[in-house]
Amino acid sequence: VDPGRTSYWYHWEDVLAHVGRQAEALASARRAVELAPEPLNRNLLAIALAAPQAPPAEARVVEYLKANVEPGQPVVVSELYNTVFTGPEERAALNRLFNTFFKMPLYMAQHQKAAGKPPSLAELAEQFRFQVPGQADVMLRIMESDPRMPTFIARDAASGEITRVDVEAILAHPKFGKALERTIA
């Protein structure tokens, strides 16, 4: 293995990112960019590194939710916490999503009032730092699928974008009408 080769550093970037050592991964990636033999390779590598990457644990949680959220079925976080996601990184990711879930309705109401229109999926992803593709959609699907949740939003069936936010219902609801901090640990 030759540390003078781009592939050596790019491999280390991938390994370090996978185990959550982001700063070291970024340093390895920068070294790979420096050693890239062609401007095109260097540009492609730089673009790939500039894209935000979700922590692997959060990506696993989101992918599981995408595959397992069923209409009319609640997502029981305590079951996920105790039986599906038992590692500390996955539990931290699940806790972040749980906290975010309860903040989303108020954000949607505030956005609707301020902008005069519902937030887009991209705006939700930006606001809540969702980095897994489709993460905003799956969070909204959880809201829609859980029979315990009031119907605060309507969505376009084709695009998944929010078409209506019931601001008054959100603001009047005791769980969603004010900023909350929740934990499951």
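By convention here, each chain's residues receive numbers from 1 onward along its written sequence. Restriction of local features to residues with pLDDT of at least 70 applies here, the model being predicted, together with a cutoff of 80 or more for giving and counting side-chain atom pairs; totals for whole chains, interfaces and linings are based on all residues. Water and hydrogen atoms were dropped before computing side-chain values, which therefore reflect all heavy atoms in the structure.

K.L.:
For this particular structure, what's the right way to read the overall build of the protein chain?
P.N.:
Going along the chain from the N terminus, every DSSP run of H or I of four or more residues is numbered as a helix, and every run of E of two or more is numbered as a strand. Secondary structure summary: the protein chain contains nine helices and two strands in total. Along the protein chain, helices and strands appear, N-terminal first, in the series α-α-α-α-α-α-α-α-β-β-α. Relative accessibility thresholds used throughout: buried, under 20% of the residue-type maximum; exposed, over 50%; partly exposed, between the two (1.4 Å probe, protein chains only). Residue burial in the protein chain is summarised as follows: out of 185 residues, 37% are buried. In what follows, residue pairs with any heavy atoms lying within 4.5 Å of each other are defined as contacts. At a minimum sequence separation of 6, the contacts of the protein chain that also span at least 24 residues come to 61%. Residue-level accessible areas treat just the shown protein chains as cover; the underlying method is Shrake-Rupley with a 1.4 Å probe. Total accessible area computed for the protein chain in this model is approximately 10,700 Å², and 55% of it derives from carbon and sulfur atoms.

K.L.:
Explain the packing of helix 4 (residues 56-68) against helix 6 (residues 88-115) here, please?
P.N.:
Packed helices, taken two at a time, are described by the angle their axes make and the gap between the axes. Running from amino to carboxyl end, helix 4 crosses helix 6 at an angle of 65°, the nearest separation of the two axes being 8 Å. Between helix 4 and helix 6 lies a crossing of right-handed hand. Residues Ala57, Glu58, Arg60, Val61, Val62 and Leu65 of helix 4 form the contact with helix 6, whose own contacting residues are Glu89, Glu90, Ala93, Leu94, Arg96 and Leu97. Classification convention: Asp, Glu, Lys, Arg as charged; Ala, Val, Leu, Ile, Met, Phe, Trp, Tyr, Cys, Pro as nonpolar; all other residues, Gly among them, as polar. Residue classes in the contact of helix 4 with helix 6 are distributed as seven nonpolar, no polar and five charged. Axes here mean lines fitted to C-alpha atoms, for a helix over just the part in contact, with angles spanning 0 to 180 degrees between N-to-C directions. For a crossing to be left-handed, the near helix must be turned anticlockwise from the far one by less than a right angle; the clockwise case is right-handed.

K.L.:
I keep staring at the nonpolar core and nothing clicks. Help me out?
P.N.:
Buried together is how nonpolar side chains tend to be arranged in soluble globular proteins. Residue types Ala, Val, Leu, Ile, Met, Phe, Trp, Tyr and Cys, when buried and joined through side-chain atoms within 4.5 Å, form a set referred to as a nonpolar core. Residues Leu65, Met104, Met108, Leu124, Met139 and Leu140 are the most contacted members of the largest nonpolar core, which totals 39 residues. Sorting the residues of this core by element identifies helix 4, helix 5 (77-84), helix 6, helix 7 (121-127), helix 8 (135-145), strand 2 (162-165) and helix 9 (167-172) as the ones contributing at least two each. When residues of this core are assigned to their parent elements, the largest contribution, 10 residues, is made by helix 6.

K.L.:
Just to check I follow, could you spell out the packing of aromatic side chains for this structure?
P.N.:
The description of an aromatic ring pair rests on the distance of the ring centres and on the angle between the ring planes. Centres within 6.5 Å are what make two rings of Phe, Tyr or Trp a pair, Trp counting through its six-membered ring; a difference in plane orientation under 30 degrees is then read as stacked, over 60 as edge-to-face, and the rest as tilted. In total, this model carries five aromatic pairs according to the counting rule given. Measuring from ring centre to ring centre gives 5.2 Å for Phe98 and Phe102, while their planes differ by 70°; the resulting arrangement is edge-to-face. Of the two residues, Phe98 and Phe102 are both situated in helix 6; the distance of four residues between them amounts to about one turn of the helix. An aromatic cluster is defined as three or more aromatic residues linked by ring pairs; in this entry it consists of Phe98, Phe101 and Phe102.

K.L.:
What am I meant to see in the pairing of strand 2 here?
P.N.:
In regular strands, side chains alternate between the two faces of the sheet. What makes two strands pair is DSSP finding at least two bridges between them. One ladder, built from three bridges, connects strand 1 (residues 153-155) with strand 2; its direction is antiparallel. Across the sheet, Ile153 pairs through a bridge with Val165, a residue of strand 2. The hairpin formed by strand 1 and strand 2 contains six residues between the paired strands, and Gly160 there has a positive phi angle of roughly 85°.

K.L.:
I'm lost on the confidence of the model for the protein chain in this one. Help?
P.N.:
The predicted coordinates should not be examined in detail at positions where pLDDT is low. Overall, the prediction assigns the protein chain a mean pLDDT of 79, with 66% of residues at 70 or greater. pLDDT is defined as a per-residue confidence score from the predictor, taking values between 0 and 100. The lowest-confidence element of the protein chain is helix 1 (residues 6-18), averaging 49 in pLDDT; the highest-confidence one is strand 2, averaging 96. Low pLDDT, under 50, characterises residues 180-185; the stretch is placed with 18 contacts to residues that sit more than four places away or in other chains.

K.L.:
How should I be thinking about helix 6 in this particular structure?
P.N.:
An α-helical segment advances 3.6 residues per turn. Residues three or four places apart therefore align on the same side. By this rule the span expected of a helix is its residue count minus one, scaled by 1.5 Å. Taking 1.5 Å of rise per residue, the 28 residues of helix 6 would be expected to cover 40 Å, and the 38 Å separating its terminal C-alpha atoms lies within 8% of that figure. At Lys103, helix 6 shows its maximal kink, close to 35°; a proline, Pro105, follows between one and four residues later. Residue Gly116 follows helix 6 closely and has a positive phi angle near 80°. One fitted axis covers the seven residues ending at a residue, a second covers the seven starting there, and the bend at that residue is the angle between these axes.

K.L.:
How should I be thinking about the pattern of salt bridges in this particular structure?
P.N.:
For side chains bearing opposite charge, pairing can occur when the charged atoms are close. Here, a salt bridge means any side-chain nitrogen of Lys or Arg that lies within 4 Å of a carboxyl oxygen of Asp or Glu. This structure, assessed with the given rule, holds six salt bridges. For Glu58, the salt bridge goes to Arg96, with nearest N and O atoms at 2.9 Å. Of the two residues, Glu58 is situated in helix 4 and Arg96 in helix 6; the sequence distance between them amounts to 38 residues. Taking the relative accessible area as the measure of exposure, Glu58 reaches 6% and is therefore buried. Ionic pairing is found between Asp137 and Arg155, a salt bridge with its closest N-O pair at 2.4 Å. A residue pair is termed long-range when its members are at least 10 positions apart, and Asp137 in helix 8 and Arg155 in strand 1 qualify at 18 residues.

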